[in-house]
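Chain by chain, the residues run as shown.
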Amino acid sequence: MNQKKQRRLYAEQKLQVRRRCRRKRALGTGAPMTIPEGLNQRWLLDFVAEAFRDGRRFRILTVVDDFTRECVALVADTSLSGARVARELDGLLASRGKPLMIVSDNGTEFTSMVMLRWSQDRQVDWHYIAPGKPMQNGFVESFNGKLRDEYLNETLFASLPHAHRVLADWKDDYNHVRAHSGLGGLTPTEAAVKAATQAGLGHTPALLAITARFGHQNHTGLHP
């Protein structure tokens, strides 16, 4: 048997060693991150894992505005794929406006081709931190730590609707009640209103969404 016949027989019997192809992933922008100077310039994304009291697992998508420190969203579900993350971000864009950049780790939900198409279609820069360097997305890591220490570790979740309710309560308290020294003693929502008015956003979706959430809790004398 010569080499040509051997190769032909191997091919017919599909005995060749298949070359492994790496799955295509989104690469994001290579531009360095700049310090945000206004509302909606940079959103920080991450996941937190938790469990119901019967042992079933679920996850929480956390979205934070890096400038105002506002918790933009807490999305809890048993499955949060790249397509689901894209739908949630579309809802946030409709209510708040579009961020200039989103920062996340290299998780499969964030590096999927769905997210690549989403960022290209919405013209939003996506920055991925270096693998194994969570402090490059340090504030969202700190935020997740507060969420876990103050609420997740103290709560027995009975069901997904229960998780939605308690997370909404914690988000409301974090945004409206807590003053941050880094924000000059303002709450995140107050800082968002101040940033929006100083930027002269007028009646844009972002400002209207902020003032709707702010409601009657305006203690700073700010007038959107």
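Residues numbered from 1 in each chain as written. Predicted model: local features only at pLDDT ≥ 70, side-chain atom pairs only at ≥ 80, totals over all residues. Heavy atoms only, no water.

(A) Broad picture of the overall build of the protein chain. Along the backbone of the protein chain there are eight helices and five strands. Reading the secondary structure of the protein chain in the N-to-C direction produces α-β-β-β-α-β-α-α-β-α-α-α-α. Burial status across the protein chain gives 43% buried among its 224 residues. Only carbon and sulfur atoms are counted for the fraction: they give 51% of the accessible area of the protein chain, which is about 12,900 Å². (Helix = DSSP H or I, 4+ residues; strand = E, 2+ residues; numbered from the N terminus. Buried < 20%, exposed > 50% of the residue type's maximum accessible area, 1.4 Å probe, protein only. Areas by Shrake-Rupley, 256 points an atom, 1.4 Å probe, with all protein chains shown as cover.)

(B) Molecular detail of the nonpolar core. Counting residues in hydrophobic clusters, the biggest one holds 24 residues, and the most contacted among them are Phe58, Ile60, Leu74, Phe143, Leu152, Phe157 and Leu167. Of all elements in the fold, only β1 (42-51), β2 (57-65), β3 (71-77), β4 (101-104), α5 (138-150) and α6 (160-176) reach the threshold of two or more residues within this core. In terms of residue count, α6 provides more of this core than any other element does, six residues in total. Trp43, Val63, Ala73 and Ile102 belong to the second largest nonpolar core, which has 21 residues in total. (Core = buried A, V, L, I, M, F, W, Y, C linked by side-chain atoms within 4.5 Å.)

(C) Here's a closer look at the sheet that holds β4. Taking strand neighbours across the sheet as the criterion, the five strands line up as β3-β2-β1-β4-β5 in an open arrangement whose pairing is mixed. A strand with exactly one partner marks an edge of an open sheet, and here the two such strands are β3 and β5 (125-128). Put simply, the sheet's adjacent strands are angled 20 degrees from each other on average, direction ignored. When β1 meets β2, the two strands line up antiparallel, connected through nine bridges. (Pairing = 2+ DSSP bridges. Axes fitted to C-alpha atoms, helices over the stretch in contact; angles between N-to-C directions.)

(D) How the structure looks around the packing of α5 against α6. As a packed pair, α5 and α6 sit with axes 12 Å apart at the nearest point and diverge in direction by 120 degrees. By the angle class used here, α5 and α6 are oblique. Classified by chirality, the crossing of α6 by α5 is right-handed. Of α6, the residues touching α5 (which contributes Phe139, Phe143, Lys146, Leu147 and Glu150) are Leu167, Trp170 and Tyr174. Looking at the contact of α5 with α6 residue by residue, the classes come out as six nonpolar, no polar and two charged. (Parallel < 35°, antiparallel > 145°, perpendicular 65-115°, else oblique. Left-handed = near helix turned anticlockwise from the far one by under 90°. Contact = heavy atoms within 4.5 Å. Nonpolar A, V, L, I, M, F, W, Y, C, P; charged D, E, K, R; others polar.)

(E) View of the pattern of salt bridges. If you walk through the whole model with that rule in mind, you get 13 salt bridges. The partner of Glu12 in a salt bridge is Arg8, with the nearest N and O atoms 3.1 Å apart. With Glu12 and Arg8 both in helix α1 (residues 3-12), this residue pair falls four residues apart, about one helical turn. Of the residues examined, Glu12 reaches a relative accessible area of 49% and is grouped as partly exposed. One salt bridge connects Arg56 with Asp54, and the closest N-O pair in it is separated by 2.9 Å. (Salt bridge = Lys/Arg side-chain N within 4 Å of Asp/Glu carboxyl O.)

(F) View of the pairing of β4. Burial of β4 is two-sided: the residues Met101 and Val103 facing one way and the residues Ile102 and Ser104 facing the other way are all buried. Alignment of β1 against β4, held across three bridges, turns out to be parallel. Bridge pairing in β4 links Leu44 to Val103. One ladder, built from four bridges, connects β4 with β5; its direction is parallel. Looking at β5, one finds that Ser104 is bridged to Tyr128.

(G) Expanded view of the packing of helix α2 (residues 82-96) against helix α4 (residues 113-122). Between α2 and α4, whose axes approach to 9 Å, the crossing angle comes to 25 degrees. Judged by the angle between their axes, α2 and α4 are roughly parallel. In this structure, α2 contributes Gly82, Ala83, Val85, Ala86, Leu89, Asp90 and Leu93 to the contact, and α4 contributes Val114, Met115, Trp118 and Arg122. The class makeup of the residues in the contact of α2 with α4 is eight nonpolar, one polar and two charged.

(H) Expanded view of the packing of aromatic side chains. Overall, the coordinates contain nine aromatic pairs when judged by the stated rule. Centre to centre, the rings of Phe110 and Trp126 are 6.1 Å apart; their planes meet at 40 degrees, and the pair counts as tilted. On the criterion of sequence distance, the pair formed by Phe110 in helix α3 (residues 108-111) and Trp126 in strand β5 is long-range, its members being 16 residues apart. Members of the aromatic cluster, joined through ring pairs, are Phe47, Phe110, Trp118, Trp126 and Tyr128. (Phe/Tyr/Trp six-rings, centres within 6.5 Å; stacked < 30°, edge-to-face > 60°.)

(I) View of the confidence of the model for the protein chain. Scored by pLDDT, the protein chain comes out at a mean of 83, with 83% of its residues at no less than 70. The low-confidence segment residues 215-224 (pLDDT under 50) makes 15 contacts with residues lying over four places distant or belonging to another chain. (pLDDT = per-residue confidence, 0-100.)

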